[in-house]
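Commentary on secondary and tertiary structure
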Amino acid sequence: MTNFDYLPDRQNTGSYKWDKYKNTDIIPLWVADMDFVSAPCISEAIIESAQFGVFGYSEATDRCNQTFIDYVHEHHQIKPEARELFWLPGLVCALHAVCRAYTQPGDEVITFTPIYPPFLYAPVNSGAKTVQVPLNENDWRPDMQKLREAITKKTKIILLCNPHNPVGICFSKEELAELAKICLENNIILCSDEVHCDLILDKKQVHHSIATISDEIAQQSITLMAPSKTWNIAGLGCSIAYIPNDSLRRKFIRECRGKIPETNLLGLVAGEAAYRDGEPWRLEVLDYLRENLSRLEDFVQTQQGKITMIKAEATYLAWIDFRKSGLNNPPKYLEAAGVGLSDGKDFGLDGFMRLNFACPKSLLEKALARISDCLKES
Ligand SMILES: Cc1ncc(COP(=O)(O)O)c(C=O)c1O
């Protein structure tokens, strides 16, 4: 059994998450990686590759493609052809490539907010306009009427995040079918970022990959996936775009070649090992995350209504409402209290904070005690 209670000392290891608060006592629960040692099958595959010792230009092998295809067929009921896959060093660069490939300056890209910040700035960086359609605040579900009202002749893409970062919902089959219908009626490309699809915490939920909804929407969509979040290998840069339509795929690849780097050998080795041998570790980490989420929910309940959250159905991110906390600048006060969360403002919604609970229980407890102290003073 994996010991997820073990906290690796990531200080001075070049960790983005920990270095933000270098030489301070602030517990970093912000950027989405986990404070867990990754699955042993991944380290073993990397060691084997390192011992071979040749690190030339690399691409996904037939075996690597087949491993991914088998995994997504078993887990998500899609069966891509290898030629429909394009391996990338990340998904943020994929979001940018999508916006560049399918918009002209002045076109519009719609996304449901609050949202992982690159969804807001990838269209703008590509010369397009981001149009925000707010999720319903009572349950964080999409309002399809609001979506229809936001569509104009200039709308070329909908960027969907399913499961959703930061609110943690899994879009239902009905919601996706409605979304697909809207895209097909309006000739809008649907880009579905499914990087969190293997992190379903609520056992009553299932992930529906957009390409399973219908052949028509499969032909008008881009599905983005990666082993990075699930197996904690984001620093190795290995992601996949699944684009069944030949013309869309050609345009996308044209926007990638020469503009973003090729995938690196060790990322591919790690990704293949994760999809082939990482299932036992994934199941274990999910159980640990469920316990952390449950602890966090209990904690929130005891804070006299100063903070609230809805239960995340997926991801290891909790979206917490601090608007009744009495703190006029929650990020600042929480950092002063020794906890670093992500500021909701960056996701398009002020007054909320995102807490990453993928860490050993002892660290989470320490952070919760600090948040509690901070709220007592507010
Ligand atoms: C929805 C979503 N897409 C993409 C990413 C990051 O992708 P990458 O690190 O592969 O660029 C994240 C990271 O948190 C994410 O939550």
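Every chain's residues receive numbers from 1 upward, in the order its sequence appears when written. A pLDDT threshold of at least 70 governs which residues receive local features in this predicted model, and a stricter bar of 80 or more applies before side-chain atom pairs are shown or counted, although totals over entire chains, interfaces and linings include all residues. Based on all heavy atoms of the structure, the side-chain values leave hydrogens and waters out of the count.

So, the overall build of the protein
- Helix and strand assignments come from DSSP, with helices taken as H or I runs of at least 4 residues and strands as E runs of at least 2, each series counted from the N terminus. Within the protein one finds 13 helices and 13 strands.
- We compute the radius of gyration from the C-alpha atoms alone; for a globule the expected value is 2.2 Å times N to the 0.38, where N is the number of residues. For 378 residues, the compact-globule estimate of 2.2 N^0.38 gives 21 Å, and the C-alpha radius of gyration of the protein, at 20 Å, lies within 12% of that figure.
- Principal axes of the C-alpha set define a box for the protein whose edges measure 60 × 55 × 35 Å.
- Residues are treated as being in contact if the distance between any of their heavy atoms lies within 4.5 Å. Considering only intrachain contacts with a sequence separation of at least 6, the fraction spanning at least 24 residues in the protein is 75%.
- Surface summary for the protein: the accessible area is close to 16500 Å², and the carbon and sulfur share equals 49%. What sets the accessible areas is the Shrake-Rupley method with a 1.4 Å probe; for residues, cover comes only from the shown protein chains.

Section: the sheet that holds strand E5 (residues 155–161)
- The rule for pairing is simple: two strands pair if DSSP sees at least two bridges between them. The strand order across the open sheet formed by seven strands is E2-E8-E7-E6-E5-E3-E4, and the pairing between neighbours is mixed. If you trace the sheet from one side to the other, it starts and ends with strand E2 (85–88) and strand E4 (129–134), each paired once. Across the sheet, the mean angle from the axis of one strand to that of its neighbour is 20°, orientation sign disregarded.
- Note that strand E3 (residues 108–113) and E4 share six bridges and pair parallel. Bridged to Glu108 within E4 is Lys129.
- Axis definition: a line fitted to C-alpha atoms, over the contacting stretch in the case of helices. Angles run 0 to 180 degrees between N-to-C directions. Strand contacts of helix H4 (residues 92–102): E2, E5, strand E6 (189–193) and strand E7 (221–225), with the helix running at about 165° to E5, the strand carrying the most contacts.
- The strands touched by helix H9 (residues 246–256) within the sheet are E2, E6, E7 and strand E8 (239–242), with E2 carrying the most contacts at an inclination of about 20°.

What to know about unusual backbone geometry
- Cis rather than trans, the peptide bond between Asn162 and Pro163 has omega equal to -5°.
- By the element assignment, Pro163 lies in the loop between E5 and helix H7 (173–186).
- Cis rather than trans, the peptide bond between Asn165 and Pro166 has omega equal to 20°.
- Take Pro166: it is sitting in the loop between E5 and H7.
- You will see that Asn12, though not glycine, has its phi angle at about 60°, which is positive.
- Even without glycine at this site, Trp140 takes up a positive phi of about 60°.

Side note on the domain arrangement of the protein
- For every domain, the bounds stem from an assignment made automatically or drawn from a database. By domain assignment, the protein separates into domain 1 (16–38 + 279–376) and domain 2 (44–277).
- Distance from the C-alpha centre of domain 1 to the C-alpha centre of domain 2: 25 Å.
- Each partner contributes residues to the interface: domain 1 has 31 residues there, and domain 2 has 35 residues.
- Buried area between domain 1 and domain 2, both sides added, is near 2900 Å², and the carbon and sulfur share of it is 58%.
- Counted as salt bridges are all cases of a side-chain nitrogen of Lys or Arg within 4 Å of a carboxyl oxygen of Asp or Glu. Its salt-bridge partner being Arg323, residue Glu137 comes within 2.8 Å of it at the nearest N-O pair. Joining two parts hides part of their accessible area as seen by a 1.4 Å probe, and the buried area is that hidden amount summed over both.

Focus on the pattern of salt bridges
- Applying the stated rule across the entire model yields 29 salt bridges.
- For the salt bridge of Glu175 with Arg141, the shortest nitrogen-to-oxygen distance reads 2.8 Å. On the criterion of sequence distance, the pair formed by Glu175 in helix H7 and Arg141 in the loop between E4 and helix H6 (144–150) is long-range, its members being 34 residues apart.
- Remark: exposure states derive from per-residue accessible area (1.4 Å probe, protein chains only) relative to the maximum for the residue type, with buried under 20%, exposed over 50%, and partly exposed in between. Residue class for Glu175 comes out buried when judged on its relative accessible area of 14%.
- Residue classification places Arg141 among the buried positions, given a relative accessible area of 18%.

What to know about the UniProt feature "domain: Aminotransferase class I/classII large" (unreviewed entry) in the protein
- UniProt positions are given in the numbering used here, feature names are shortened, and annotations may be inferred rather than shown by experiment. The UniProt record annotates "domain: Aminotransferase class I/classII large" (unreviewed entry) at residues 25–371.
- Helix makes up 40% of residues 25–371 and strand 16%, and the two end C-alpha atoms of the span are 14 Å apart.

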